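Structure assessment
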Amino acid sequence: MNTQGIIGVICCVLSAALYGLNAVIVKKLTLVASISSVLFFCGLFAAILMACALKSRQKSLCPETPGRMKFLLLYGLLGFAMTTTLLQSSYLYLPVGTATTIHYLFPLLVNLGGLIFFRESLHKVTLVVLAGVLCGIIFLAGEKEGIQIFGIALAFASSITWAFHMLYLDHSVLRDEPTLRMVFWQSLLCSGAGAILSVLRRESLVAGLRPIVLGGILLSALCSNVFACGLLNVGIRRTGSAIASIVSVFEPISSIVFGGLLLKERLTGRQETGIVIILLSILVLLCFNATGAHRNSTFKK
């Protein structure tokens, strides 16, 4: 594994840890504010921060290459904004553990998408690792109570849109687009999705918002929209979508760890087993790529 690959893996792990922390933050926020409010203000705060960062670097908010804006809007809308909206909406109909388990089918979808649409080869070791990761995620899931078909559809749709998010960045003209600009548009579109959701659900965007809640939303924006999203974009560019998708399953592990630290939630023996299976699966994948035995499949040099 070369230096670029190592940096990419580290970025993906840090991104997953921040997404896991954000899941705990959002869980607390939605006790006092609506999902649409969290989506709207997280996206808005992040977009403002990214606009200031771009301005300080004297960079334009819009792509400098003619015709690229449509690709950026498609990526931001069908990727980050749609995934965030679908996944957080599924929590209204499913236990969080169940929804997360369904969402984390996306590593399988990313690898299948690469195989079908981009003729990427899959080594047997990668398939074994994928099976191990999916097995581990099943162990991480909570009890399957209160399951509703609409919730399952929302969670599965979020796995499809997130797979699109990873594959599109890896194989489109956006690979060389500045991360700050991409995060700006992703966040702005996510804010718009929150506004639309509030209209559809007839929810007020400002109900329950107090200074401490706005502070929590700002923290969520920093964790998810700014740092986690930016780090994942960098990770996908340096490792490829297939490896990035598998390493990203550190997120449910980190959410369980942060849930224990911040919400005093206790790990079950089943969850501990799932964590060990996932960690061992990813370790096998990284060691395999480090040997260079798999040069033309999922890991990009």
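This structure is a prediction, so every number in the text was calculated from the model and none was measured. (Residues numbered from 1 in each chain as written. Predicted model: local features only at pLDDT ≥ 70, side-chain atom pairs only at ≥ 80, totals over all residues. Heavy atoms only, no water.)

So, about the overall build of the protein. If you tally the helices and strands in the protein, you get 12 helices and zero strands. Sequence-ordered secondary structure for the protein, helices as α and strands as β, is α-α-α-α-α-α-α-α-α-α-α-α. For the protein, whose C-alpha radius of gyration is 19 Å, the value lies close to the compact-globule estimate of 19 Å for 301 residues. In terms of overall dimensions, the protein has a C-alpha envelope of 55 × 50 × 30 Å along the principal axes. Partitioning the contacts of the protein with sequence separation of at least 6, the portion at a separation of at least 24 is 90%. Carbon together with sulfur atoms contributes 70% to the accessible area of the protein, which is approximately 13600 Å² in total. Charged side chains in the protein number 23 positive and 11 negative. The centres of these two groups are separated by 5 Å. (Helix = DSSP H or I, 4+ residues; strand = E, 2+ residues; numbered from the N terminus. Rg over C-alpha atoms; globule rule 2.2 N^0.38 Å. Contact = heavy atoms within 4.5 Å. Areas by Shrake-Rupley, 256 points an atom, 1.4 Å probe, with all protein chains shown as cover. Lys, Arg positive; Asp, Glu negative; His and termini not counted. Charge placed at Lys NZ, Arg CZ, Asp CG, Glu CD.)

Next up on the list: the packing of aromatic side chains. Taken as a whole and assessed by the stated rule, the structure comprises seven aromatic pairs. Considering the side-chain rings of tyrosine 19 and tryptophan 162, the 6.2 Å spacing of their centres and the 90 degrees angle between planes classify their relative orientation as edge-to-face. Residue tyrosine 19 is found in helix H1 (residues 3–29), and its partner tryptophan 162 is found in helix H7 (residues 149–171); the two are separated by 143 residues along the sequence. Given a relative accessible area of 11%, tyrosine 19 falls into the buried group. Of the residues examined, tryptophan 162 reaches a relative accessible area of 7% and is grouped as buried. Between tyrosine 75 and tyrosine 168, the aromatic rings sit 6.2 Å apart at their centres with planes inclined by 20 degrees, giving stacked as the arrangement. (Phe/Tyr/Trp six-rings, centres within 6.5 Å; stacked < 30°, edge-to-face > 60°. Buried < 20%, exposed > 50% of the residue type's maximum accessible area, 1.4 Å probe, protein only.)

Along the chain, serine 187 turns up in helix H8 (residues 179–201). A polar side-chain atom of serine 187 sits 2.8 Å from the main-chain carbonyl oxygen of valine 183. If we skip the residues at most four places from it in the chain, serine 187 touches Gly43, Ala46, Ala47 and Asn225. (Polar contact = N/O pair within 3.5 Å; in protein donor to acceptor, adjacent residues only side chain to side chain.)

Turning to the confidence of the model for the protein, a few remarks are in order. The pLDDT averaged across the protein works out to 85; a share of 91% of its residues lies at or above 70. Taken element by element, the predicted model of the protein shows its lowest mean pLDDT in helix H4 (residues 96–103) (72) and its highest in helix H2 (residues 35–56) (95). Note on residues 293–301: pLDDT under 50 across the span, and 30 contacts to partners over four residues away in sequence or across chains. (pLDDT = per-residue confidence, 0-100.)

On the surface, Leu112, Leu115, Ile116, Phe117 and Phe118 cluster together into a nonpolar patch covering about 500 Å² of accessible area. Tracing the backbone through its elements, the reader meets phenylalanine 118 in helix H5 (residues 106–118). (Patch = residues over 30% accessible without salt bridge, like charges linked within 9 Å, V, L, I, M, F, W, Y side chains within 5 Å. Salt bridge = Lys/Arg side-chain N within 4 Å of Asp/Glu carboxyl O.)

So, about the environment of glycine 240. Structurally, the position occupied by glycine 240 is in the loop between helix H9 (211–239) and helix H10 (241–247). Residue class for glycine 240 comes out buried when judged on its relative accessible area of 2%. C-alpha separation for the pair glycine 240 and leucine 167, spaced 73 residues apart in sequence, amounts to 8.4 Å.

The next point concerns the layout of surface pockets. Counted as a void, the second largest pocket has a volume near 180 Å³. Those elements that provide at least two residues to the lining of the second largest pocket are H5 and H7. (1 Å grid on protein atoms, 1.4 Å probe; cavity = no way out; pocket = protein on both sides within 12 Å on 5 of 7 lines; lining within 4 Å. Points joined across faces, edges and corners; volume = space filled by probe spheres on them.)

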